[in-house]
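# Descriptive structure summary
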Amino acid sequence: MTSNQNGRLGALAGIGFLALAILGTIVQAGEPGFAAKPEELASWFADDADAILAGSSLYLVAGILLLWFVSALRTRMQRATDGDETLPALAYAGGVAGATLCIAAASVDAMGALRADERGAIDPSVAASLADVAAILYGLAAPAAFAALVLAVAVTALRGAFLPRWVGYVSIPLGLALAIPPISYVAVIVFSLWPALVGALLAFGPQAAHAQVTAPRPAAA
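Calculation criteria
- Residues numbered from 1 in each chain as written.
- Predicted model: local features only at pLDDT ≥ 70, side-chain atom pairs only at ≥ 80, totals over all residues.
- Heavy atoms only, no water.
- Helix = DSSP H or I, 4+ residues; strand = E, 2+ residues; numbered from the N terminus.
- Rg over C-alpha atoms; globule rule 2.2 N^0.38 Å.
- Buried < 20%, exposed > 50% of the residue type's maximum accessible area, 1.4 Å probe, protein only.
- Contact = heavy atoms within 4.5 Å.
- Areas by Shrake-Rupley, 256 points an atom, 1.4 Å probe, with all protein chains shown as cover.
- Core = buried A, V, L, I, M, F, W, Y, C linked by side-chain atoms within 4.5 Å.
- Expected span 1.5 Å × (residues − 1).
- Bend = angle between axes of the 7 residues up to and from the residue.
- pLDDT = per-residue confidence, 0-100.
- Salt bridge = Lys/Arg side-chain N within 4 Å of Asp/Glu carboxyl O.
- Phe/Tyr/Trp six-rings, centres within 6.5 Å; stacked < 30°, edge-to-face > 60°.

The next point concerns the overall build of the protein chain. Each helix and strand in the protein chain was counted, giving nine helices and zero strands. Along the protein chain, from the amino end to the carboxyl end, the secondary structure elements read α-α-α-α-α-α-α-α-α. In summary, the protein chain has a C-alpha radius of gyration of 19 Å against a globular reference of 17 Å for 221 residues, a match within 12%. When its C-alpha atoms are laid out on the principal axes, the protein chain stretches across 65 × 40 × 25 Å. Scored against the burial criterion, the 221 residues of the protein chain give a buried share of 44%. A separation threshold of at least 6 residues defines the contact pool for the protein chain, and within that pool the share at least 24 residues apart is 77%. With the model as given, the accessible surface of the protein chain reaches about 10,900 Å², and the carbon-plus-sulfur share is 67%.

And the structure:
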């Protein structure tokens, strides 16, 4: 498989991330809100353990696809910046940190479901603590990391032929929203669309053909 094919698959992983994130949300549709009472959260972990584990598994795989996407994204950014590592490295670090925090949030939810499934119940205070940790990882910590990813890509898009300039203009307000609590909790939901959009443009847009033309060819043996 050539580097161009690997790069296209990595770009398409952004679409896979969105698909699995949507499926995970559908599976866990009965999740109580942030301000739910501890007893309500305990009932959710106990009664919906299977759904929580299934949804968490989807989120974990989505996180892996996001890591693949940001790796491919970094390579494309390096080409667009003529080897300048600053913005590609910032985007990569933000993407990896954000994906890791989302994986951690899903793992915390899964831990609550596993405990409730094993014991038949879970203490309400423990349920509330686990739910709060998952919420702050997903709604506050991960968005801050994703802000670095989105803003670095926005600046790169505005500087050259990496992506259409309108992507840069759209990404700037999203990146700022991701960095500002408490709206970051809503912004991270909107962010789920962003890797799919950028991935589709990198895989099929005019910039994809440009990248194939300018990609370095392997040296002859």
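Moving on to the nonpolar core. Core analysis: the largest hydrophobic core is formed by 37 residues, its most contacted members being Leu73, Phe146, Leu149, Val153, Leu163, Leu178 and Trp194. Counting residues per element, the ones that place at least two in this core are α1 (3-27), α3 (49-80), α4 (86-119), α5 (124-159), α6 (165-178), α7 (184-191) and α8 (193-204). For Leu73, the residues in contact, after removing those within four places along its chain, are Leu149, Val153, Phe162, Trp194, Val198 and Leu202. Of all hydrophobic cores here, the second largest spans 18 residues; its members include Ala49, Ala128, Ala131 and Ala134.

The next thing to look at is the environment of Ala51. Looking at the element boundaries, Ala51 is found in helix α3. Taking the relative accessible area as the measure of exposure, Ala51 reaches 26% and is therefore partly exposed. Along the chain, Ala51 and Gln28 lie 23 residues apart, while their C-alpha atoms are 5.9 Å from each other. Setting aside chain neighbours within four positions, we find Ala51 in contact with Val27 and Gln28.

For α5, built from 36 residues, the straight-helix expectation of 52 Å at 1.5 Å per residue is met to within 8% by its first-to-last C-alpha distance of 52 Å. Maximum bend of α5: about 35 degrees, positioned at Ala142, with proline Pro143 one to four residues after it.

Below, the discussion takes up the confidence of the model for the protein chain. Of the residues in the protein chain, 90% reach a pLDDT of 70 or more, and the chain-wide mean stands at 91. Here residues 209-221 is a poorly scored stretch, pLDDT under 50, and it has eight contacts once near neighbours within four places are set aside; other chains count.

What follows concerns α3. An α-helix turns once per 3.6 residues; consequently, residues spaced three or four apart project the same way. For α3, which comprises 32 residues, the first-to-last C-alpha distance of 46 Å matches the rise-based estimate of 46 Å (1.5 Å per residue) to within 8%. Where α3 ends, the next residue or the one after it, Asp82, has phi of about 55 degrees, a positive value.

Turning our attention to the pattern of salt bridges. If you walk through the whole model with that rule in mind, you get one salt bridge. A salt bridge links Arg74 to Glu85, with the nearest nitrogen and oxygen atoms 3.3 Å apart. Taken together, the positions of Arg74 in helix α3 and Glu85 in the loop between α3 and α4 put the pair 11 residues apart, joining distant regions of the chain. The class of Glu85 is partly exposed, set by a relative accessible area of 33%.

As a further point, take unusual backbone geometry. Cis geometry marks the peptide bond from Pro181 to Pro182, where omega comes out at 5 degrees. Here Pro182 shows up in the loop between α6 and α7.

Moving on, we come to the packing of aromatic side chains. This model, assessed by the stated rule, comprises five aromatic pairs. On the numbers, 4.1 Å between centres and 20 degrees between planes, the contact of Phe146 with Phe191 is stacked. In this pair, Phe146 sits in helix α5 while Phe191 sits in helix α7, placing the two residues 45 residues apart along the sequence. Looking at Phe146, the relative accessible area reads 1%, which means it is buried. Exposure remark for Phe191: the relative accessible area of 1% places this residue in the buried category.

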